[in-house]
Amino acid sequence: MRDSALGKRGISSQARYRLGVASRTILAVFGGYVASALAAASLSLALPLPRAQAVLAATMLAFVLYCTLVIWAYSAATATRAWLLAGGLAAIPALHLLVMGAGR
């Protein structure tokens, strides 16, 4: 192969594009699930409602978060930016759950 057909890291631009789409798809499916599950668990403990209503409200909000994260995974300027946002969104409820678990 010619050097001009190779990208910065020795792979073609078509391969980089495909890896970017694969990365965004993995983020949308699995990262969205993890972030929304953590958010649902955290919100169900944090909402000042009766237990059943808090779980229902947290679950509905988690669906909204999941859909938003899937859209963001494909609309972000770079896959790295999408992964960083998803990591930040998952870290917040994870820390809340750790704090709540340590307090019990």
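Right above here is the structure, for reference.
This one's a predicted model, so the numbers in the text were calculated from it and none came from an experiment.

For the protein chain, the count of helices and strands is three helices and zero strands. Written out in order from the N terminus, the α and β elements of the protein chain read α-α-α. Taking all 104 residues of the protein chain together, the buried fraction comes to 21%. Within the protein chain, counting contacts between residues at least 6 apart in sequence, those at least 24 apart form 67% of the total. As presented, the protein chain carries roughly 7,300 Å² of accessible surface, and 71% of it is formed by carbon and sulfur atoms.

Once that is clear, we can look at the nonpolar core. The biggest cluster of nonpolar side chains holds nine residues, and these are Leu-27, Ala-28, Ala-35, Leu-69, Ala-73, Ala-76, Ala-82, Ala-86 and Ala-90. Listing elements by their share of this core, those giving two or more residues are helix H1 (13–46), helix H2 (51–75) and helix H3 (79–102). Discounting residues that sit within four places of it in the chain, Ala-82 has contacts with Leu-27, Trp-72, Ala-73 and Ala-76.

Right, let's talk about the packing of H1 against H2 for a bit. Interhelical geometry of H1 versus H2 gives an angle of 155 degrees and a closest axis separation of 8 Å. As far as their axial angle goes, H2 and H1 are roughly antiparallel. Judged by the twist between their axes, the crossing of H1 over H2 is right-handed. Here the contact of H1 with H2 is built from residues that sort into 19 nonpolar, six polar and one charged.

The next thing to look at is the layout of surface pockets. Reported here for the largest pocket is a volume of approximately 190 Å³. As for the largest pocket, its lining consists of Tyr-17, Leu-19, Gly-20, Val-21, Ser-23, Arg-24, Thr-78, Ala-79, Thr-80 and Trp-83. In terms of residue count, H1 provides more of the lining of the largest pocket than any other element does, six residues in total. Its residues assigned to classes, the lining of the largest pocket shows five nonpolar, four polar and one charged.

Mapping Ser-36 onto the fold places it in helix H1. Classification of Ser-36 by relative accessible area gives buried; the value is 9%.

Definitions and cut-offs
- Residues numbered from 1 in each chain as written.
- Predicted model: local features only at pLDDT ≥ 70, side-chain atom pairs only at ≥ 80, totals over all residues.
- Heavy atoms only, no water.
- Helix = DSSP H or I, 4+ residues; strand = E, 2+ residues; numbered from the N terminus.
- Buried < 20%, exposed > 50% of the residue type's maximum accessible area, 1.4 Å probe, protein only.
- Contact = heavy atoms within 4.5 Å.
- Areas by Shrake-Rupley, 256 points an atom, 1.4 Å probe, with all protein chains shown as cover.
- Core = buried A, V, L, I, M, F, W, Y, C linked by side-chain atoms within 4.5 Å.
- Axes fitted to C-alpha atoms, helices over the stretch in contact; angles between N-to-C directions.
- Parallel < 35°, antiparallel > 145°, perpendicular 65-115°, else oblique.
- Left-handed = near helix turned anticlockwise from the far one by under 90°.
- Nonpolar A, V, L, I, M, F, W, Y, C, P; charged D, E, K, R; others polar.
- 1 Å grid on protein atoms, 1.4 Å probe; cavity = no way out; pocket = protein on both sides within 12 Å on 5 of 7 lines; lining within 4 Å.
- Points joined across faces, edges and corners; volume = space filled by probe spheres on them.

Function cannot be read off these values alone, since they describe shape.
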